[in-house]
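# Reading the structure
Here are the chains, one letter per residue:
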Amino acid sequence: MFSLLYKDILLQKKLLVFGVVYIMIMIVAFNQAAEAMFIGSIVALTYMMTLTCCAYDDKNKTDVLLNSLPINKLVVVLSRYVSVFMFAAIAVVYYVAIAFVLKLIQFPFEAAVPTLEAIIGGLVGLAFINSVYFPIFFRLGYIKSKIVNFVLFFGVFLGLGSVIPSLAKKLDSTAQEGFVYFFTSLSEIQIMAGMIAVIIILLSSSFALSLYFYKRREF
């Protein structure tokens, strides 16, 4: 697995150069929203790293090569999921380094300092995105999954943008107050524990599906 993860890191050279520009844009765009700045930077950069690996593997027929070697398919699938956390860690370090440099040169826009809550929030976002993407990727391959993924995510986010406000209007004030009271009554530890549980459930379910599809794919 370590050799597979190392391969994925080597594929990120060009993207890391672009990452500087991207994080700078996020810092300027979300200067008034600290957590959104950090989470948006980490989630997007990590997801782009993941897609880069998937694209290169598809282009170079890596799956064909891996299936000709004595490597368990479970390891191949697991390495893809582990790489998400590896890329997230790289993205966090990258973000902190850029923020430090910007502070040294007195850049007019200040980068948000990452908090534990923001990091976990970013991981929840990554867990959701990749939990949806990976089963499609392992079932259809990169090209087809890219098209489906594009349609799926735009549909989900555009749908949520219209559904949530309409649901909020339909809920009476008592129900809304109940939701607010429930979440405000939770401690930070309870909220973070709940978010971690969501991450585990999403990724576990997604991993099982991905492994099921990958074992049945023909190369």
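That block above? That's the structure.
Keep in mind that this is a model prediction, so the values were computed, not measured.

This part covers the pattern of salt bridges. Side chains carrying opposite charge are able to pair once their charged atoms draw close together. One pass over the structure, following the stated rule, counts four salt bridges. Here D57 ties to K7 by a salt bridge, and the two come within 3.0 Å at their closest N and O atoms. Of this pair, D57 sits in helix α3 (residues 34-59) while K7 sits in helix α1 (residues 2-10), and the two are 50 residues apart along the sequence. On the basis of relative accessible area, D57 is assigned to the buried category, the value being 6%. As a salt-bridge pair, D57 and R80 come within 2.4 Å of each other at their nearest N and O atoms. Pair noted here: D57 is in helix α3 and R80 is in helix α5 (residues 73-104), with a separation of 23 residues, a long-range link. R80 carries the same exposure label as D57, and that label is buried. The structure contains a network of salt bridges with shared partners spanning K7, D8, D57 and R80.

What follows concerns the side chain of S83. Tracing the backbone through its elements, the reader meets S83 in helix α5. Each residue touching S83, except ones within four places of it in the same chain, is listed here: L5 and D8.

Our focus in this paragraph is the side chain of S79. Residue position: S79 is located in helix α5. For S79, a relative accessible area of 4% gives the class buried. Apart from residues no more than four positions distant in its own chain, S79 is found in contact with M1, L4 and L5.

In this section: the packing of aromatic side chains. Two numbers describe a pair of aromatic rings. These are the distance of the centres and the angle of the planes. Applying the stated criterion to the full structure yields eleven aromatic pairs. When the ring of Y81 is compared with that of F207, the centres are 5.6 Å apart and the planes differ by 80°; the resulting orientation is edge-to-face. Of the two residues, Y81 is situated in helix α5 and F207 in helix α9 (residues 188-215); the sequence distance between them amounts to 126 residues. Using a relative accessible area of 6% as the deciding quantity, one classes Y81 as buried. With 5.3 Å between their ring centres and 75° between their planes, F138 and Y214 make a pair best called edge-to-face.

Thresholds applied
- Residues numbered from 1 in each chain as written.
- Predicted model: local features only at pLDDT ≥ 70, side-chain atom pairs only at ≥ 80, totals over all residues.
- Heavy atoms only, no water.
- Salt bridge = Lys/Arg side-chain N within 4 Å of Asp/Glu carboxyl O.
- Helix = DSSP H or I, 4+ residues; strand = E, 2+ residues; numbered from the N terminus.
- Buried < 20%, exposed > 50% of the residue type's maximum accessible area, 1.4 Å probe, protein only.
- Contact = heavy atoms within 4.5 Å.
- Phe/Tyr/Trp six-rings, centres within 6.5 Å; stacked < 30°, edge-to-face > 60°.

Nothing here speaks to function; it is geometry throughout.
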